[in-house]
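Geometric and topological summary
For reference, the chains in residue letters:
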Amino acid sequence: MSGNHRGRRRFYRPEAGSAFLRFLIGLVLLATLCALFFILVLRGQFDIDPVFAQTGTPAQTAEAVPPSGQEGERPVSPAGSTDVPAGPTDAPTFVPTVAPTAKPTDAPSPEPEATPFPPELLAGPMEVVMPDLPEAVSADLKLGLRDLSTFDSGGHSILTVRGYAYIEGADAAQSRSYILLTDAASGAMLGMFSVMSTPEDADTAFAETEGVNLDQSFFRLNLDVSDLYDGIYLLSMAVENGGAVVWNNFDDSMFHFYVAQGVAMLNE
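Quick summary incoming for the structure in this document. Note that the structure is a prediction, hence the values are computed from the model and not measured.

Conventions we followed
- Residues numbered from 1 in each chain as written.
- Predicted model: local features only at pLDDT ≥ 70, side-chain atom pairs only at ≥ 80, totals over all residues.
- Heavy atoms only, no water.
- Helix = DSSP H or I, 4+ residues; strand = E, 2+ residues; numbered from the N terminus.
- Buried < 20%, exposed > 50% of the residue type's maximum accessible area, 1.4 Å probe, protein only.
- Areas by Shrake-Rupley, 256 points an atom, 1.4 Å probe, with all protein chains shown as cover.
- Polar contact = N/O pair within 3.5 Å; in protein donor to acceptor, adjacent residues only side chain to side chain.
- Contact = heavy atoms within 4.5 Å.
- Pairing = 2+ DSSP bridges.
- Core = buried A, V, L, I, M, F, W, Y, C linked by side-chain atoms within 4.5 Å.

A closer look at the overall build of the chain
Across its full length, the chain carries three helices and 10 strands. Here the chain holds 268 residues, and 24% of them are scored as buried. Summing over all exposed atoms, the chain offers an accessible surface of approximately 20100 Å²; the carbon and sulfur share of this is 57%.

Structure (structure tokens):
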């Protein structure tokens, strides 16, 4: 018995217990580190820079600083540099801004200025009525008032009278015609004006009428009323031919026109 007992070798070492304890502590620390790595990295709790993850070195970025006094300008690479600038290099397209323009306003048309009436077409000064003018009107004097109108010429009021007058059976080319002007309020005949013959106005065929050159019986008078006093006036006609004078009224009007402050107005 004792021999067998002495024949066995014992492998127990005194430091084996402490070594085993250190092994257990290292195993626990390793497990703890693995757990933390899983929680922080694999579960997304800790972000590793992608460039560092690929290259193992932290990425470095350089911020371009423009030279002093040239802020906003693109820096120029030194000669021989092969660096390619990042991003588009085309200059921005200029888009013009169209500002709305004010709508043109219509300018008022200037009022037409009155054209001065030719003086040679105006009647001359009022003449004294011939002394041999009969008191009574004559039916032998055929006459008609075709137009009576007024207009302004250079600040002057002009009265226009158009018509015809001839003596039955006489040569109208040998006649002299006058407009007689009467103050309608008092009945006084104030004077007369020579008329201008206008055969171009002849547009009437006088049927069953004895006479010659009746186209010469048409006349026109342009009278500037500026020299007339304010009042009402009546027009009549006198014709002289071969030394004989006859006269007649155009119609039975009480008056034909009146003047107020140098302006002629018609009897409507």
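Observations regarding the side chain of Ser217
Inspection of the secondary structure puts Ser217 in the loop between strand S5 (196-197) and strand S6 (218-224). For Ser217, a relative accessible area of 3% translates into the label buried. A distance of 2.5 Å separates a polar atom in the side chain of Ser217 from the backbone oxygen of Leu214. Excluding its chain neighbours within four sequence positions, the residues that come into contact with Ser217 are Gly163, Tyr164, Ala165, Tyr166 and Ala172.

Concerning the sheet that holds strand S2 (residues 156-167)
Each strand in a sheet pairs with its neighbour through backbone hydrogen bonds, running either in the same direction (parallel) or in the opposite one (antiparallel). Ordered in space as S1-S2-S6-S5, the four strands form an open sheet in which the pairing is antiparallel. The sheet terminates laterally at strand S1 (141-153) and S5, the two strands that pair on one side only. Here S5 runs beside S6; their pairing, made up of two bridges, is antiparallel. Residue Ser197 lies in a different strand from S6, and its bridge partner there is Phe219.

A few points about the nonpolar core
Ranked by internal contacts, the top residues of the largest apolar core, which has 26 residues, are Val161, Ile179, Phe219, Leu228, Leu235, Met237 and Phe257. Listing elements by their share of this core, those giving two or more residues are S1, S2, strand S3 (176-183), S6, strand S7 (231-241) and strand S9 (257-260). Beyond its immediate chain neighbours, meaning those up to four positions away, Leu235 contacts Leu148, Val161, Ile179, Leu180, Leu181, Phe250, His256 and Phe257. Within the second largest apolar cluster, nine residues are counted, among which are Leu133, Leu180, Ala238 and Val245.

Honestly, it's all geometry; don't read function into it.
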